[in-house]
Each structure stands twice: as C-alpha cells, then as structure tokens.
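Working through the structure, step by step
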Amino acid sequence: MSEQPRSPKDARRMERLKHGSRSVRDVRPRAAPRQRVRRPAPVLGSIQAGTSDEPTVVLSKRAVDRLAEGHAWIYRSDIAAPAELSGGEVVRLADERGWFLGKAFYGSRSQIAVRLLTREDEPVDEQFFVHRLAQAIALRDVVRPDPERRQAARLVHGEADLLPGLIVDRYADCLSMQTLIEATDARRELFASLLERLLAPRAIVERNDVRVRAHEGLEQRKGMLRGENPGPVEFLEGEVKLVADLLSGQKTGAFLDQAENRLEAGRYAKGRALDCFTYGGAFALQLARKAERVIAVDISEQAAAQGREVAARNRVENVEFKVANAFDLLRAESEAGARYDTIVLDPPAFAKSKDTIEAALRGYKEINLRAFHLVSPGGVVVTCSCSFQVDDATFERTVLQAASDAKRSVQVIERRGAAKDHPTLLGVPETRYLKCLILRVL
Ligand code: SAH
C-alpha cells in the first residue's frame, strides 16, 4: 500500500521523491531554445555566385561535422559532385541545404575527394596562392630565421599550411618541390613562378618521384623546374655542414623534420655513441661534437658513402660509418655485451598502413629492447617513430615494454615531434606523425 501524506509539507516531500528534487530539476539541461533561421535556405543550383562560379560539391552531414571538427579532408563516399567535374579543380563546398562551407581542391582519383583550402568565401586565384605561400614563409622567418640562407627549412608543409598537396623545402638558396595531388600538380608551373617571385632561388627541383602520387593517378617524375641542377647543396644544421642532393637524395634531399631533434640529441651526447638508421649521418655528426666516438649504421651503401663524405667535409674523425642491417648489428652488439652511452634510433616508418601496425610495433619493440640492453647506466637513448599509424601513446607503451623487458628504469627528458617548420593542423591528425623521445636510462 502506498504511503499517505501526513501533512502538506509531507505531500511536497513525497512529490519531490517521485519527480526529483527542485535542485535536480534545476540542473537538468533545458531544451535549447529553437533557433529560428531567418534566411531562407537557398535551393541548390541557384546558389548565388559569391566570389566566383566554381562548381559546387555537396557534403553529407558526416562530412560537414568532420569539417566543423577541424579536418580538411573529405572522402568520396561523403560527397555529391557534378558528373563533369575534373580532377584538380577548385570547388565550392556546400551542405545538403546549400549553405556555403568553404572552397577546396577536388581530386577525381584519390579516395580523398576534397581537400579544404579556405573556409571563407574568397576568390581562389593567383593572389590567394601568393598570400598562402607568403603566410607559410612568414612562419619560417620566425621559427627558423635565416637571412643568409645557409640552412634548410620546410617552407610549405601541405595541408598544415592550408596548401594541401604541396611541399616546398629550401636548402640554402635552392628549392625542392613536391606536388602530390592533381590540383597542385596541375598548378606546378604557377607555384614555381610564385616561389621564384617571392624567393628568387638559384634553382627549383621537382621531386615528384613518390609513391603517394599513384593514389592520385599521377606519374613519377623528377627534374628541374627552374635553373640548373645544383648538384650537392651544402647547408648548415647548427654548426654542422650537411649536404643534400636535391635530385637524387631521399625525400626532397634530407630528413628536415628531425632537424631540431638532432640538435637536441647533440646536447645530451656523451661517451661512445651509436646512431642507427643514420642515412647521411645527420644525427651522428651532431653526436660527434660531444661524444668521444660515434658508430653510424645504415643498410644503404650510398647513405654511408654520403655520410663519410659529409664527415670529411666537417673534418670530423670520430665517426665511423658501417653498412649493416641495424637489427642484426644491435643484436650482435648486445650479445657481445657491448656498451654505449648514447644511442639514437631513427628507423624508417615501419607501419605504412593499418595492416602493418602489429609488425611495426614488434620492430619498434625489438630495436628499443636492444638499445636498453646496450645503454650504459645514466646513458641516453633518443628513440623515434615516423609512422603516423602508431600514435604517441602506443609508441610510448612499446618503448616502456622494451624497457621493462630489459629491466631498465627510464626517465623521459623530452617528448618531441617534428621541427617547428613542420607545423601540424589542429583537427588533422594526419599532419602529426613524428615522435621522438629523449630518454635517460638509469
Ligand atoms: N636518421 C636519418 C634519417 C633516417 S631515414 C637523418 O636524421 O637524416 C631511415 C634510414 O634507415 C634510411 O637511410 C634507410 O636506408 C635506413 N634503413 C632502412 N632499413 C634499415 C635497416 N634494417 N638497417 C639499417 N638501416 C636501415
């Protein structure tokens, strides 16, 4: 039998128990007042040309949300595009009701159909690209001031500089450019001219010999866009002279994303040092400034030859380049009971896709485990991963597993990423890929 109220106050108490107390009701979110849309929704096809008459691509609700969350790429399954649209065009983006969302490069082949250029309704013309390039360069003038142009810097970092599919690296007074998608590839002459106007480089090299272009239906290509083949270009990284062959080196000539990490690694270097996956010896030469002796290992004979040449150029005599598989060398060294005071691990991306993450983690675990076996007490391990598929937390967990297996306690001195001239775009996780931990092993 239900309880009867004994007084009006008691009745109110029972009422509260049934419906929740006033305080509870007060904090319950009220339904948001319905927002009245004053403007009538435009009918598709009759959208007023804002600043231009580009074709309109309509985005699904999911794609609209993705843009709102900061992303800059929309997949083909989330768009409706006019049939006659060709790859490389600039398009207007609209939601299903026709509201303007931005302008983008359209790709006809890639699964990424749309790459955002601007959220403003502004003309995407030559002036637009001049502004974007100048904006990108302005950041580098701050984070890597170099009026004499003796260093190297990434001047344009694709989507992160709101210039999707365009990479521009400067090595001293020469530029190396990659146009990775249909839209930037079709405009490479324009970009070359604008860069010439803005920077007056000695030469502009095109390094379009990269596999990602295949997703865009673009062929492999490299050669000169302006000027003559500059041959090996010397540039400074800190006080070390490095050399990049813009036409035949890996990537655009060097691995610029690691520049600040190399300088930082040099700060901690001491004693006997080991630089695994050294390529042209860029880490090794920074370590050599403080370490007594450095062993630099790469599987490529060409890389080691370049490293030896660069060491000679710097009159450095305490670096020895070895051509070897780093996995084998690390195992052999640890089985032989060798000790190093400083170890750098900068392997190529082990995980190139989602399917290879497990294998990649085994690879990272293995080299880190060996390094923790090899490093002397109080020694430093600089361990890196440039696999986008392996995020910071997963990488750190893998390094921890290696440390635990080796029964070593590890201090994290620095958690680092790519150099500041490789900014990331908030909301586009794909622009954040490089992880570098500087560890002291106790
Ligand atoms: N640390 C370099 C960049 C390294 S890039 C720098 O700062 O400039 C990765 C390098 O690893 C490449 O030069 C490649 O030749 C080398 N490599 C790939 N697999 C290897 C292996 N199993 N053993 C040794 N080197 C390897």
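A brief structural summary.

In this section: the nonpolar core. The tendency in soluble globular proteins is for nonpolar side chains to be buried side by side. Formed by 39 residues in total, the largest nonpolar core has its most connected members in Y171, V294, V319 and V382. For this core, the leading source of residues is helix α8 (residues 282–288), giving six residues. Once you skip the residues sitting within four places of it in the chain, V319 turns out to touch A284, L285, A288, V294 and A296. Judged by nonpolar contacts, the second largest core, of 32 residues, contains L274, I367, L374 and L437.

Ordered in space as β2-β6-β5-β4-β1-β3, the six strands form an open sheet in which the pairing is mixed. Each of the sheet's edge strands pairs with one partner strand only, and the pair in question is β2 (73–75) and β3 (79–80). Pairing analysis gives four bridges linking strand β5 (residues 100–106) to strand β6 (residues 112–118), with the strands arranged antiparallel. Bridge pairing in β6 links A104 to L116. Those strands touched by helix α4 (residues 126–143) are β5 and β6, and its axis lies near 80° from that of β6.

What follows deals with the sheet that holds strand β19 (residues 410–416). In spatial order, the strands read β16-β15-β14-β17-β18-β20-β19; together these seven strands make up an open sheet with mixed pairing. This sheet does not close on itself; its edge strands, each paired only once, are β16 (319–323) and β19. Direction aside, the axes of adjacent strands within the sheet are offset by 15° on average. Pairing between β19 and strand β20 (residues 435–441): six bridges, direction antiparallel. Within β20, the position partnered with V412 by the bridge is L439. Contacting β15 (293–298) and β16, helix α9 (residues 301–313) crosses the sheet at an angle of about 170° to β16.

Here we come to the pattern of salt bridges. Enumeration over the complete set of coordinates arrives at 40 salt bridges. Between E206 and R221 there is a salt bridge, and its shortest N-O distance comes to 2.7 Å. Here the residue E206 occupies a position in strand β10 (residues 203–208), and R221 occupies one in strand β11 (residues 221–226), the gap between them amounting to 15 residues. For the pair formed by E206 and R221, the shared burial category is buried. It is possible to trace a salt-bridge network through shared partners that takes in D185, R188, E206, R213, E219 and R221.

Glancing now at the packing of aromatic side chains. In the structure shown here, the tally under the stated rule is ten aromatic pairs. Here the aromatic rings of F255 and Y279 are separated by 5.1 Å at their centres, their planes lie at 85°, and the arrangement is edge-to-face. Here the residue F255 occupies a position in the loop between β13 (240–245) and α7 (259–268), and Y279 occupies one in the loop between β14 (272–276) and α8, the gap between them amounting to 24 residues. What makes Y279 buried here is its relative accessible area of 12%.

Below, the discussion takes up the site of the ligand. Taken together, 17 residues are adjacent to the ligand, and R262, F277, D298, A326 and D346 come closest. A distance of 2.8 Å is found between a nitrogen atom of the ligand and a backbone nitrogen or oxygen belonging to A326. Protein contacts shield 89% of the accessible area of the ligand, which totals 580 Å² for the unbound molecule. Elements supplying a minimum of two residues to the shell around the ligand: α8 and α10 (326–335). Residue composition of the shell around the ligand, by class: ten nonpolar, four polar and three charged.

Two numbers describe how α10 lies on helix α11 (residues 357–374): the axes approach to 9 Å, and their chain directions differ by 30°. Seen from above, α10 lies across α11 with left-handed handedness. Two secondary-structure elements touch here, α10 through F327, L330, R331, E333 and S334 and α11 through G363, E366, I367, R370, H373 and L374.

Moving on, we come to α9. Between its first and last C-alpha, α9 extends 18 Å over 13 residues, near the 18 Å set by a 1.5 Å rise per residue. Here α9 has its buried residues at A303, A304, G307, V310 and A311. Considered in projection along α9, the buried side chains sweep an arc of 125° and stay on one side of the axis. Within α9, the exposed residues directed more than 90 degrees away from the buried face are Q302 and A312. For α9, the secondary structure elements touched by its buried residues are β13, α8, β15 and β16. You can read the cap of α9 off the contacts: a side-chain oxygen lies 3.3 Å from the backbone nitrogen of Q302, and it is on S300.

So, how was this worked out
- Residues numbered from 1 in each chain as written.
- Predicted model: local features only at pLDDT ≥ 70, side-chain atom pairs only at ≥ 80, totals over all residues.
- Heavy atoms only, no water.
- Core = buried A, V, L, I, M, F, W, Y, C linked by side-chain atoms within 4.5 Å.
- Buried < 20%, exposed > 50% of the residue type's maximum accessible area, 1.4 Å probe, protein only.
- Helix = DSSP H or I, 4+ residues; strand = E, 2+ residues; numbered from the N terminus.
- Contact = heavy atoms within 4.5 Å.
- Pairing = 2+ DSSP bridges.
- Axes fitted to C-alpha atoms, helices over the stretch in contact; angles between N-to-C directions.
- Salt bridge = Lys/Arg side-chain N within 4 Å of Asp/Glu carboxyl O.
- Phe/Tyr/Trp six-rings, centres within 6.5 Å; stacked < 30°, edge-to-face > 60°.
- Near = heavy atom within 4 Å.
- Polar contact = N/O pair within 3.5 Å; in protein donor to acceptor, adjacent residues only side chain to side chain.
- Areas by Shrake-Rupley, 256 points an atom, 1.4 Å probe, with all protein chains shown as cover.
- Nonpolar A, V, L, I, M, F, W, Y, C, P; charged D, E, K, R; others polar.
- Left-handed = near helix turned anticlockwise from the far one by under 90°.
- Expected span 1.5 Å × (residues − 1).
- Arc of directions from axis to C-beta.

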